[in-house]
Amino acid sequence: MVRFLAHRAIIAVLVAITVSIIGFTLLRLSGDLAAALAGDTAKPEQIAQTAHMYGLDRPLYAQYLDWAGKALSGDLGRSLFSNEPVTFLIATRIGVTIQLSFMALVFALVISIPLGVLAATRPNSWIDRMALGLAVFGQAIPNFWFGLILIIVFGVSLRWLPISGSDSFSHFIMPMVTLGVSIMPAFMRLTRTGMLDALESDYIRTARAKGLSAPSILFKHALRNAILPVVSLTAVSLGFLLGGSVIVESVFALNGIGFLAFQSILRTDFPVVQSIVVFVSFAYIFLTFLSDVVNAYLDPRIRLG
Amino acid sequence: MTSIETIRLDAALGRDSAVAELQSPSPRIVMRRRALTHPGFLFGCAILLLTILVAIFAPLLTSYDPFGQDLPHRLTPPVWSPKGSWAHILGTDGLGRDYLTRLMYGSRISLTVGFGAAAIAGFIGTSLGLIGGYFGGRIDAIVMYFVNVKLALPGILVALSLISVFGGSVAVVVVVLGVLFWDRFVVVTRTVTQQVRVNDYVTAAEAVGASRLRIILGEILPNVLNQIIVIASLEMAVAILVEAALSFLGLGIRPPTPSWGLMISEGRNFMFFQPYLVTIPGVAILVLVIAINMLGDGIRDITAPEGRN
């Protein structure tokens, strides 16, 4: 287990370094950043002065090392738009995004796991077909559009829920549903497939032969094995949600890091954008590593291997 | 049971299975039969074909110009509402442009982005998957390392930043999405390649001295092709959804080009009183994406029914 985890940890660190380089160079591809910063009417000498001021006239690797060194000590630079420290901007917005991601995740799990189990116990029944239909629908619906439809129905026609902002819990309900629906199909399919496989296995036949009760077989024996891949997917999804909430946060004007990233892209505020890209990537890498640890612990084949 | 009896039994069984094999239809016929009785596949095919035809023949199907503004007739409701008329079946938008016409021209963007991005992603992902799966070892580790880096990057955010840098033309969107969504091709191609490369015909090709390129392209690729088509359909659907989202956010296709996502974004200003401006293009995206997904699931069921679930 230690060897397995050490191997994973090394890969995680290498991936993190690569991602930080990509995140850093991403916005340098645009050509002359200094010209963009100095404005449309700037003269060549003003552009050169801006380049010097931001250190953009130095070689790219030196800029990267400088940036990475500061980033490690928590200094991600300042926003070109508001001049606030990027660390501060992210710290004040991350709570909203984490809350939204967790709510969406819980919403998706609460619906998809029971549905997946039910569908697997009765393959090809009406409930199985309904579950698959829901998965097809959830996979195909454009989530920004789904959000707008929710706003039209529940925000405007019925006036049940607030349509924008992040002040209270009720502000999070429509975004939660919108985001949750987009990740639900994967969980539903994975639970269903895992349960189908588990229910056909030898140990379930043994459990049945022993005369164990149906719920005990279903939940204690089958689901326990079927849930392993779902644990991995949960970690991966959480990482995906942190970055994937850009669209939903923008539709509902939720003040999280997704909305901040979107606004910063529009303002060509590159220190903020590159920091958020790298931050979200690191969160993803950390969460997948965490899921490896959990899986290694839950799965005796890895734990003892 | 005596040994003679066993031999007889074997012979009988052998003959039976040989006869059965001779009488059973060829795989091609079996597949055609499966295709023609698969409702999801037929539905997906029909909708995709219809969309392609509409995209190609849009100028013949409508007399309006997708960019032609007609301000006196702006925000005409669709034909099913009391104030609607057959002159504008789906009504007009905020600038008086015929909505059905824009919807028909908009399918060109969705299809181009879908096919284009899936083709680029398919090329990158399949190449990497074949290389990693065939050579294994350190080369495979490098390929998987690329996949891990790709998975760690927040795709939508990177796409948004790249498009804001390079500008929102159809070509840029196609390339950016193609470069961002190749990971599933790698994973699937690599797994199948690992299974196929131990087969006798690959060993035989190696023994007669066929070049590695020839083995990969001639012996392995044909075996992976079905799975690649299935993944391509899924990625095409994803690319269509992401293009719509990017255009909706204002960082995809630029106005006045009629992209479905952009139409929703423009309709958003009127969504409280003219909700059809938002609902119609959304339903178009939903139907096209469901059709493509069903087509992909259908192809998987038809070519490899054992791979279901």
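Computed from a prediction, not measured in an experiment: that's the story for all the values here.

**Things to note about the overall build of chain A**
Here comes step 1: In terms of regular secondary structure, chain A is built from 13 helices and 0 strands.
Here comes step 2: The secondary structure elements of chain A, listed N-terminal to C-terminal, are α-α-α-α-α-α-α-α-α-α-α-α-α.
Here comes step 3: Oriented by its inertia axes, the alpha-carbon framework of chain A measures out at about 85 × 60 × 30 Å.
Here comes step 4: Sorting the 305 residues of chain A into buried and exposed places 39% on the buried side.
Here comes step 5: Contacts spanning at least 24 positions in sequence make up 72% of the contacts within chain A whose residues lie at least 6 apart.

**Focus on the overall build of chain B**
Here comes step 1: A tally of helices and strands in chain B yields 12 helices and 0 strands.
Here comes step 2: When the helices and strands of chain B are read in sequence order from the N terminus, they spell out α-α-α-α-α-α-α-α-α-α-α-α.
Here comes step 3: For chain B, with 309 residues in total, the buried portion stands at 44%.
Here comes step 4: Considering only intrachain contacts with a sequence separation of at least 6, the fraction spanning at least 24 residues in chain B is 70%.

**Brief notes about the nonpolar core**
Here comes step 1: One finds I276 of chain A together with A159, L160, L177, A239 and I240 of chain B to be the most contacted residues of the largest nonpolar core, which totals 150 residues.
Here comes step 2: When residues in this core are grouped by element, the largest group, 17 residues, is from helix α10 (residues 212–248) of chain B.
Here comes step 3: Sequence-distant contacts of A239 of chain B, that is, excluding residues within four places in its chain, are made with V113, G114, A117, A118, L177 and F181 of chain B.

**Notes on the interface of chain B and chain A**
Here comes step 1: Between chain B and chain A, the residue contacts involve 33 residues of the former and 37 residues of the latter.
Here comes step 2: Mapped by element, the contributors of at least two residues to the side of chain B that touches chain A are α5 (137–152), α6 (155–166), α10 and α12 (276–303) of chain B.
Here comes step 3: When grouped by side-chain class, the residues that make up the side of chain B that touches chain A number 26 nonpolar, 6 polar and 1 charged.

**Quick notes on unusual backbone geometry**
Here comes step 1: Each neighbour pair has its own omega, and for P255 of chain B with P256 of chain B the value is 5°, a cis peptide bond.
Here comes step 2: Within the element layout of this structure, P256 of chain B appears in the loop between α10 and α11 (260–267).
Here comes step 3: Despite not being glycine, A253 of chain A has its phi angle at roughly 50°, a positive value.
Here comes step 4: On the secondary structure map, A253 of chain A appears in the loop between α10 (214–252) and α11 (257–266).
Here comes step 5: A positive phi angle is found at T268 of chain A, which is not glycine, with a value near 45°.
Here comes step 6: Within the fold, T268 of chain A resides in the loop between α11 and α12 (270–298).
Here comes step 7: Here T268 of chain A falls in the partly exposed class, since 18 other C-beta atoms lie within 10 Å of it.

**Focus: helix α1 (residues 2–26) of chain A**
Here comes step 1: Between its terminal C-alpha atoms α1 of chain A stretches 35 Å, which fits the 36 Å expected from 25 residues at 1.5 Å a residue.
Here comes step 2: All buried positions along α1 of chain A are accounted for by V15, V19, S20, G23, F24 and L26 of chain A.
Here comes step 3: Next to the buried residues of α1 of chain A lie α4 (60–72) and α12 of chain A together with α5 and α6 of chain B.

**Comments concerning the packing of helix α8 (residues 173–199) of chain A against α10 of chain A**
All names here are of chain A.
Here comes step 1: Close contact between α8 and α10 brings their axes to 9 Å; oriented N to C, the two are set at 160°. Viewed along their axes, α8 and α10 adopt a mutual orientation that is roughly antiparallel. Where α8 crosses over α10, the two elements pack in a sense that is right-handed.
Here comes step 2: Looking at the contact of α8 with α10 residue by residue, the class counts come to 19 nonpolar, 6 polar and no charged.

**Let's talk about the environment of W80 of chain B**
Here comes step 1: Mapped onto the elements, W80 of chain B comes out in the loop between α3 (39–61) and α4 (99–135).
Here comes step 2: For the pair W80 of chain B and G91 of chain B, spaced 11 residues apart in sequence, the C-alpha to C-alpha distance is 9.6 Å.

**A look at the confidence of the model for chain B**
Here comes step 1: Model confidence for chain B is summarised by a mean pLDDT of 84, while 91% of its residues fall at 70 or above.
Here comes step 2: Taken together, the chains of this predicted complex give a pTM of 0.87 and an interface ipTM of 0.86.

**Here we look at the environment of D57 of chain A**
Residues and elements named next belong to chain A.
Here comes step 1: The topology assignment puts D57 in the loop between α3 (44–53) and α4.
Here comes step 2: With 13 C-beta atoms counted inside 10 Å, the residue D57 sits in the partly exposed group.
Here comes step 3: In this structure the C-alpha to C-alpha distance between D57 and Q46, which are 11 residues apart in sequence, comes to 13 Å.
Here comes step 4: Not counting residues up to four positions away in its chain, the partners in contact with D57 are A51 and H52.

**Quick notes on the packing of α5 of chain B against helix α8 (residues 183–196) of chain B**
All names here are of chain B.
Here comes step 1: Axis separation between α5 and α8 bottoms out at 10 Å; the angle between their running directions is 150°. The two elements α5 and α8 cross, and the hand of that crossing is left-handed. Counted together, V143, V147, K150 and L151 of α5 and D183, V186, V187 and R190 of α8 form the full contact between these two elements.
Here comes step 2: For the contact of α5 with α8, the per-class residue count stands at 5 nonpolar, no polar and 3 charged.

**A few points about the environment of L233 of chain A**
Residue and element names in this part refer to chain A.
Here comes step 1: Along the chain, L233 turns up in helix α10.
Here comes step 2: Look at L233 and you get partly exposed, because 19 C-beta atoms sit within 10 Å.
Here comes step 3: Along the primary structure L233 and F187 are separated by 46 residues, whereas in three dimensions their C-alpha atoms are 7.5 Å apart.

About the cut-offs
- Residues numbered from 1 in each chain as written.
- Chains lettered and ligands numbered in written order.
- Predicted model: local features only at pLDDT ≥ 70, side-chain atom pairs only at ≥ 80, totals over all residues.
- Helix = DSSP H or I, 4+ residues; strand = E, 2+ residues; numbered from the N terminus.
- Buried ≥ 20, exposed ≤ 12 C-beta atoms within 10 Å, placed from the backbone.
- Contact = placed C-beta atoms within 7 Å.
- Core = buried A, V, L, I, M, F, W, Y, C linked by C-beta atoms within 7 Å.
- Nonpolar A, V, L, I, M, F, W, Y, C, P; charged D, E, K, R; others polar.
- Expected span 1.5 Å × (residues − 1).
- Axes fitted to C-alpha atoms, helices over the stretch in contact; angles between N-to-C directions.
- Parallel < 35°, antiparallel > 145°, perpendicular 65-115°, else oblique.
- Left-handed = near helix turned anticlockwise from the far one by under 90°.
- pLDDT = per-residue confidence, 0-100.

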